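# Coordinate analysis (summary)
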Amino acid sequence: MSAHDWPHDPDGEEGSEGRRKYGHAVLVKKVDEEEDFPLRAGDYREEFGDHPVRLDADTVVSVDDIFEHIDDDAEFEDIVAFHKAVGETMRANDYWTYEGADAFTRTRG
């Protein structure tokens, strides 16, 4: 998908906020902890699937790319369950690049 195909700028206020937010933070900011739970994965994917998620300085994927690895019928009871499921999925499918200030799970050449 090219930068022109996204419904909004991956680095704008609706995306990664000018590259200030990456990966998991972009996904979590789309939900309201008080109002959106319990939340079904398929409902989240349907609403935000075509939205961009910046993983690092070089990589942007869609919400759908990440959520294709989560069963649409999975239900998150609260924000903690959402965090855990999304984090596990991102790590298992090479969408998680940050492991602290001194270590990254993949590097760019």
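A brief structural summary. This one's a predicted model, so the numbers in the text were calculated from it and none came from an experiment. (Residues numbered from 1 in each chain as written. Predicted model: local features only at pLDDT ≥ 70, side-chain atom pairs only at ≥ 80, totals over all residues. Heavy atoms only, no water.)

With that settled, the discussion passes to the overall build of the chain. Across its full length, the chain carries 4 helices and 4 strands. For the chain, the sequential pattern of α-helices and β-strands runs α-β-α-β-β-α-β-α. A fraction of 55% describes how many contacts in the chain between residues 6 or more apart in sequence connect residues 24 or more apart. Per element, the accessible surface of the chain, about 6,400 Å² overall, is 43% carbon and sulfur. (Helix = DSSP H or I, 4+ residues; strand = E, 2+ residues; numbered from the N terminus. Contact = heavy atoms within 4.5 Å. Areas by Shrake-Rupley, 256 points an atom, 1.4 Å probe, with all protein chains shown as cover.)

The next subject is the nonpolar core. Membership of the largest hydrophobic core comes to 24 residues, with the highest contact counts inside it found for Leu27, Tyr44, Ile66, Phe67, Phe76 and Phe82. For this core, the secondary-structure elements that each account for two or more residues are α1 (24–28), α2 (41–48), α3 (63–67) and α4 (79–92). Ignoring anything within four residues of it in the chain, the contact list for Phe82 reads Leu27, Val28, Phe37, Leu39, Tyr44, Phe67 and Phe76. (Core = buried A, V, L, I, M, F, W, Y, C linked by side-chain atoms within 4.5 Å. Buried < 20%, exposed > 50% of the residue type's maximum accessible area, 1.4 Å probe, protein only.)

Tallied over the entire structure, the rule returns 2 salt bridges. Asp64 is the salt-bridge partner of Arg45, the closest N and O atoms lying 2.4 Å from each other. A residue pair is termed long-range when its members are at least 10 positions apart, and Arg45 in helix α2 and Asp64 in helix α3 qualify at 19 residues. Of the charged contacts in the structure, one is a salt bridge between Arg45 and Asp72, with a shortest N-O distance of 3.5 Å. You can see Arg45 sitting in helix α2 and its partner Asp72 sitting in the loop between α3 and β4 (75–76), a full 27 residues away along the chain. Taking relative accessible area as the criterion, Arg45 reaches 21% and is therefore assigned partly exposed. Relative accessible area serves as the criterion here: at 33%, Asp72 is assigned to the partly exposed category. Sharing partners across several salt bridges, the network here consists of Arg45, Asp64 and Asp72. (Salt bridge = Lys/Arg side-chain N within 4 Å of Asp/Glu carboxyl O.)

What follows covers α2. Looking only at α2, the buried set comprises Ala41, Gly42, Tyr44 and Phe48. Take α2 and look down its axis: the buried residues cluster within an arc of 160°, on one side only. In α2, those exposed residues whose orientation departs by more than 90 degrees from the buried face are Glu46 and Glu47. (Arc of directions from axis to C-beta.)

Before going further, it helps to examine the packing of aromatic side chains. Across all of its chains, the model carries 6 aromatic pairs by this definition. What links up through ring pairs into an aromatic cluster is the set Phe37, Tyr44, Phe48, Phe67, Phe76 and Phe82. (Phe/Tyr/Trp six-rings, centres within 6.5 Å; stacked < 30°, edge-to-face > 60°.)

Further remarks concern the environment of Gly42. Looking at the element boundaries, Gly42 is found in helix α2. Classification of Gly42 by relative accessible area gives buried; the value is 9%. Distance in space between the C-alpha atoms of Gly42 and Phe67 is 8.4 Å, their sequence separation being 25 residues.

The step from Phe37 to Pro38 runs through a cis peptide bond, and the omega angle for that step is 0°. Position of Pro38 among the secondary structure elements: in the loop between α1 and β1 (39–40). Positive phi outside glycine occurs at Asp94, with the angle close to 60°. For Asp94, the location among the structural elements is in the segment after α4.

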